[in-house]
Amino acid sequence: MQVLYARHHVRVYRFVLRLVRNEATAEDLISEVFLDIWRQAGKFEGRSAAATWMLSIARFKALSALRRRPEEELDDETVEQIEDHADDPETALEKKDKGSALRQCLTKLSADHREIIDLVYYHEKSVEEVAEIVGIPEATVKTRMFYARKKLSELLKEQGIDRGWP
Amino acid sequence: MNAMKQEAPERQEIEELLPWHAAGTLSRRDAQRVEEALARDPELARRYALVREEFGETIHLNETLGAPSPRALEKLFAKIDTEPARRPATSFNLGGRITEFFASLSPRTLAWSASAAVFAILLQAGLLANIVLKETKTAGYETASAPTTDPDVGAFALIRFAPQASSDDITKFLEANKLSIAAGPMAGGLYKVRVAGTGIPKGELARIVKKLQEDKVVGFIATTE
């Protein structure tokens, strides 16, 4: 379990954090996620990669936690919470560059769009794996990713960066 | 939906695959289709460059999110300690037997066994890293005036190789660009590479990194201290 934890906890934590947008909640959820992994180890049939299975459990836990939280709390936890991580002095100097604007827009996407972009780009999940984790058809995975990217471009345009797409 | 319907169906289909192509998670067949389409369609290639930007910045953003404190692990093992004893598995397959074996160990025993396994893995990783560093040492960029063995001296970048890049591609890329691996692999498959043996102006480093980003072998690259 310790090896499994050592290998996957950072990525699972970041996945959960991007969904719940609260470090303390994400940290609490991590131990719950790995406890479930421990409990369900006998049921894991190896039909998918272990990381995919773990992200499915993490997603379920994160969404359950979000459902438990009152709406007001959700509204209060603004995107700045995550943006603050990138606001070290060096990054602050680069605030106006395109990369920094892109990262800022990534934090402003809806939960569904953030989730799919993270799964595809950061967690390197295939279309089939994303479909399994999110519980949607493969065709919807591709469409949702397209619209997440489209929304990202629109947000960039609002910041004065026109990428010429879509 | 209109934005998608306006495009030719084939381009639209290929365009939907671009994010997975950038992440290297397409099947060989689909990756080949995308490569061919990119070669013949300049507009699609331009859009692929946008996808690679998103890919790099998503990694960058996630890598700044930090990690949970050790308290999370302590909490986990405290919870496992309070769990009732695991029932013996009834399965006769190999996976079931392995699961049964691990389930039969107490969390503490398992933790110690795991620590031994981690040590063995780290030892192996250390040996492999040593070999890699020895192999790349001669290929690394060194100025005649200031050769250095100090791991902190020089100009560095954090790099993550494209998943579809072979070890041969990576070796050629490092040699062609006179780069050497200073540390790694780190979390997220990142490596710290020495771009120059001595410190260079930030603008110059940014220019070099931008040029390196264009290589297909590179999944993500950013300057670092």
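Just so it is clear, the structure is predicted and the values come from calculations on it, not from any experiment. (Residues numbered from 1 in each chain as written. Chains lettered and ligands numbered in written order. Predicted model: local features only at pLDDT ≥ 70, side-chain atom pairs only at ≥ 80, totals over all residues.)

Draft legend 1. Geometry of the overall build of chain A. Scanning chain A for helices and strands turns up 10 helices and zero strands. Listing each helix as α and each strand as β along chain A from the N terminus yields α-α-α-α-α-α-α-α-α-α. The 166 residues of chain A split such that 40% are buried. Pairs at least 24 apart in sequence give 63% of the contacts found in chain A among residues at least 6 apart. (Helix = DSSP H or I, 4+ residues; strand = E, 2+ residues; numbered from the N terminus. Buried ≥ 20, exposed ≤ 12 C-beta atoms within 10 Å, placed from the backbone. Contact = placed C-beta atoms within 7 Å.)

Draft legend 2. Layout of the overall build of chain B. In terms of helices and strands, chain B carries nine helices and four strands. Shown N-terminal to C-terminal, the secondary structure of chain B runs as helices and strands in the order α-α-α-α-α-α-α-β-α-β-β-α-β. Out of the 225 residues belonging to chain B, those deemed buried represent 26%. The long-range fraction of contacts in chain B, counting pairs at least 24 apart against all pairs at least 6 apart in sequence, stands at 67%.

Draft legend 3. Geometry of the interface of chain B and chain A. Counting residues at the interface gives 42 residues for chain B and 43 residues for chain A. Counting only elements with at least two residues in the side of chain B that touches chain A, the list comes to helix 1 (2-5), helix 2 (9-23), helix 4 (42-63), helix 5 (70-81), helix 6 (94-104) and helix 7 (107-137) of chain B. In terms of residue count, helix 4 of chain B provides more of the side of chain B that touches chain A than any other element does, 11 residues in total. Looking at the side of chain B that touches chain A, its residues break down into 25 nonpolar, 10 polar and seven charged. (Nonpolar A, V, L, I, M, F, W, Y, C, P; charged D, E, K, R; others polar.)

Draft legend 4. Up close: unusual backbone geometry. Residue and element names in this part refer to chain A. Pro166 follows Trp165 through a cis peptide bond whose omega is 5 degrees. With respect to the secondary-structure elements, Pro166 resides in the segment after helix 10 (138-158). In this structure, Arg21 takes a positive phi of about 60 degrees despite not being glycine. Within the element layout of this structure, Arg21 appears in the loop between helix 1 (2-20) and helix 2 (23-40). Residue Arg21 is classed as partly exposed on the basis of its 19 C-beta neighbours within 10 Å. In this structure, Glu124 takes a positive phi of about 50 degrees despite not being glycine.

Draft legend 5. Local environment of the packing of helix 7 (residues 98-108) of chain A against helix 10 of chain A. All names here are of chain A. For the pair helix 7 and helix 10, interaxial distance at closest approach is 9 Å and the crossing angle is 120 degrees. Comparing their axes, helix 10 and helix 7 come out oblique. Note on packing geometry: the crossing formed by helix 7 with helix 10 is right-handed. Of the residues in helix 10, those touching helix 7 at Ala101, Leu102, Cys105, Leu106 and Lys108 are Leu152, Leu155 and Leu156. Across the contact of helix 7 with helix 10, the residue classes break down as seven nonpolar, no polar and one charged. (Axes fitted to C-alpha atoms, helices over the stretch in contact; angles between N-to-C directions. Parallel < 35°, antiparallel > 145°, perpendicular 65-115°, else oblique. Left-handed = near helix turned anticlockwise from the far one by under 90°.)

Draft legend 6. The arrangement of the sheet that holds strand 4 (residues 218-224) of chain B in detail. All names here are of chain B. With antiparallel pairing, the four strands of this open sheet are ordered in space as 2-3-1-4. On the outer flanks of this sheet lie strand 2 (180-186) and strand 4, each paired with one strand and no other. Direction aside, neighbouring strands of the sheet carry axes that sit 25 degrees apart on average. Where strand 1 (residues 155-161) and strand 3 (residues 190-196) come together, five bridges link them in antiparallel fashion. (Pairing = 2+ DSSP bridges.)

Draft legend 7. Quick look at the confidence of the model for chain B. Confidence in the prediction of chain B, expressed as mean pLDDT, is 77, and 66% of residues score 70 or more. The ipTM, which scores confidence in the relative placement of chains, is 0.81 for this predicted complex, and the corresponding pTM is 0.62. (pLDDT = per-residue confidence, 0-100.)

Draft legend 8. A look at the pairing of strand 1 of chain B. Residue and element names in this part refer to chain B. Counting buried positions along strand 1 gives seven out of seven residues, so the element sits mostly inside the fold. In strand 1, alternate side chains face the same way, and those of Ala155, Ala157, Ile159 and Phe161 on one face and Phe156, Leu158 and Arg160 on the other are all buried. In the sheet, strand 1 pairs with strand 4 via six bridges, with the strands oriented antiparallel. Opposite Ile159, over in strand 4, you have Ile221 as the bridge partner.

Draft legend 9. Just the environment of A:Ala41, in detail. Tracing the chain through its elements places A:Ala41 in the loop between helix 2 and helix 3 (50-68). C-alpha of A:Ala41 to C-alpha of A:Met1: the two residues are 40 residues apart in sequence and 9.8 Å apart in space.

Draft legend 10. How the structure looks around the environment of A:Lys125. Examined against the element boundaries, A:Lys125 turns out to sit in the loop between helix 8 (111-122) and helix 9 (127-134). For A:Lys125, a count of 25 C-beta atoms within 10 Å corresponds to the buried category. Taking the C-alpha atoms as reference points, A:Lys125 and A:Ala51, 74 residues apart in sequence, are found 9.4 Å from one another. Apart from the residues within four sequence positions on either side, A:Lys125 is in contact with A:Thr52, A:Leu119, A:Val120, A:Val130, A:Ile133 and B:Thr25.

Draft legend 11. Examining the confidence of the model for chain A more closely. For chain A, the average pLDDT comes to 85, and 84% of its residues sit at 70 or higher. Here residues 72-87 of chain A is a poorly scored stretch, pLDDT under 50, and it has 18 contacts once near neighbours within four places are set aside; other chains count.

Draft legend 12. Summary view of helix 9 of chain A. Those residues of helix 9 of chain A lying buried are A:Val127, A:Glu129, A:Val130, A:Glu132 and A:Ile133. Where helix 9 of chain A is buried, its residues contact helix 3, helix 8 and helix 10 of chain A together with helix 2 of chain B. Note on helix 9 of chain A: the residue one or two positions beyond its end, A:Gly135, has a positive phi of about 75 degrees.

Draft legend 13. Representation of the nonpolar core. Counting residues in each nonpolar core, the largest one holds 77 residues, and the members touching the most others are A:Val12, A:Val16, A:Ile30, A:Val120, B:Ile159 and B:Val193. Non-local contacts of B:Val193, meaning those with residues more than four positions away in its chain, are made with B:Phe156, B:Ala157, B:Ile159, B:Leu179, B:Ser180, B:Ile181 and B:Ala182. (Core = buried A, V, L, I, M, F, W, Y, C linked by C-beta atoms within 7 Å.)

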